[in-house]
Amino acid sequence: MEGSNTTLSSIFILRGLSNVQYLKIILFLIFLVMYMITLSGNALLIIVVRINPNLQTPMYFFLSHLSFIDICFSSTIVPRILVNTLAKDRSISLLGCAAQMYFSLALGATECVILAVMAYDRFAAICKPLHYSIIMSKKLCTSLAAGAWTVCFANSAIHVVLTFQLPYCRSHQVNHFFCEMPPFFRLACKDTLFNEIAMYISAGIIAMCSFCLTLTSYIHIISTILQIRSSYGRRKAFSTCASHLTVVAFYYGTIMFMYLRPRSTYSPETDKAVSILYTTVTPMLNPIIYSMRNKDVKGTIKKKISQM
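Cut-offs applied
Residues numbered from 1 in each chain as written. Predicted model: local features only at pLDDT ≥ 70, side-chain atom pairs only at ≥ 80, totals over all residues. Heavy atoms only, no water. UniProt positions renumbered as here; feature names shortened; annotations may be inferred. Pairing = 2+ DSSP bridges. Helix = DSSP H or I, 4+ residues; strand = E, 2+ residues; numbered from the N terminus. Contact = heavy atoms within 4.5 Å. Axes fitted to C-alpha atoms, helices over the stretch in contact; angles between N-to-C directions. Phe/Tyr/Trp six-rings, centres within 6.5 Å; stacked < 30°, edge-to-face > 60°. Buried < 20%, exposed > 50% of the residue type's maximum accessible area, 1.4 Å probe, protein only. Disulfide = S-S within 2.5 Å.

The name given to the protein chain in an unreviewed UniProt entry is Olfactory receptor, and the organism recorded there is Eleutherodactylus coqui. Of the comments in the UniProt record for the protein chain, the one headed Subcellular location (unreviewed entry) reads "Cell membrane". According to UniProt, the comment filed for the protein chain under the heading Sequence similarities (unreviewed entry) is "Belongs to the G-protein coupled receptor 1 family."

(A) Summary view of the sheet that holds strand β3 (residues 173-174). Strand order across the open sheet formed by three strands is β2-β1-β3, with mixed pairing between neighbours. The two strands at the open ends of the sheet, each matched to only one other strand, are β2 (91-93) and β3. The pairing of strand β1 (residues 11-14) with β3 spans two bridges and is parallel. Within β3, the residue paired with leucine 14 across the bridge is valine 174. Sheet strands in contact with helix α3 (residues 94-127) are β1 and β2, and its direction is about 85° off that of β2.

(B) Here's a closer look at the packing of aromatic side chains. Per the stated rule, a full pass over the model turns up 14 aromatic pairs. Centroid distance phenylalanine 61 to phenylalanine 62: 5.2 Å. Interplanar angle 70°. Geometry classified as edge-to-face. Note on phenylalanine 61: relative accessible area 29%, which makes it partly exposed. Each ring, one from tyrosine 102 and one from phenylalanine 103, has its centre 5.1 Å from the other, and the planes form 75°; the classification is edge-to-face. A relative accessible area of 22% means that tyrosine 102 is categorised as partly exposed. Overall, the relative accessible area of 37% leaves phenylalanine 103 in the partly exposed class.

(C) How the structure looks around the pairing of β1. Residues Phe12 and Leu14 of β1 are buried on one face, while the alternating residues Ile11 and Ile13, pointing to the opposite face, are not. With three bridges connecting them, β1 and β2 associate as antiparallel partners. Note on β2: the bridge partner recorded for isoleucine 11 is serine 93.

(D) Up close: the UniProt feature "transmembrane region" (unreviewed entry) in the protein chain. The sites that carry the UniProt feature "transmembrane region" (unreviewed entry) are, in the present numbering, residues 25-48, 60-82, 102-120, 140-162, 197-221, 242-261 and 273-292. Annotation note: span residues 102-120, helix share 100%, strand share 0%, distance between end C-alpha atoms 27 Å. The annotated region residues 140-162 carries 100% helix and 0% strand content, and the separation between its end C-alpha atoms amounts to 33 Å.

(E) Expanded view of the state of the cysteines. Within this structure, the stated rule accounts for one disulfide. The partner cysteine of cysteine 97 in its disulfide is cysteine 179, sulfur to sulfur 1.9 Å. Since a negative S-S torsion denotes a left-handed disulfide, the cysteine 97-cysteine 179 link at about -115° is left-handed. Of this pair, cysteine 97 sits in helix α3 while cysteine 179 sits in the loop between β3 and α6 (181-185), and the two are 82 residues apart along the sequence. Overall, cysteine 97 belongs to the buried group, its relative accessible area being 0%.

Structure representation (structure tokens):
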């Protein structure tokens, strides 16, 4: 069988993070704890938004979407990391790899867009407070969320098809802990310039446009905040978007570093480190950041705990 010279009917081997036995156990425990925190933290945030009538606002509507994305994003990648960390057989089928790549790309891009929409929501709340309810209507919020999911999942399908049309005749051992595009480009025995250009264009449109929208929103937000005379008013206005700004800086920085840097600078170990940040660390930190800096969320949690 000529399976070593084709992509079809083949398997890939994910080399993972380490082959040192004691490091495997440590990594397994770390990722397991992070995954449990991610699931519980994001699920709790979604429940809190659902049960508190005061949180039925556009900001928390998008925050619920963000938490759901984080749960799905982490669940697409971390279970496979846990299995591969301890298992001797690190193989993954073509279909399994394609599915993992599809959902990770789609969910990662959707998170970019949702973060940008949340920045626009903060712009409307701070810069146009009298028209906020009109600007951020329920219909618009639903349309923005649906558009983000649809566009990003369609975009992901294109990249997965292009990636797995490449011939992988060099090796099927992927020097990564999950199926991501850049490591696959290095395995192909065909020039991947077209795939890389498509990746740059896609990342440029989604990540950079989302980033520019976020940046523009925050320029107006900061300008408006600086015009507030009282220091208390400035702090209160800024506190409503500080959590979001923290998440945006961390997430966009890692995504753009991964998908928009020149091909000559690719490094397997650097790729792994950066990928860990936006696939496992960020989904875990998001609910913590939003909960710790939000009185309504903390108040709802405390109230429910006291009633138990």
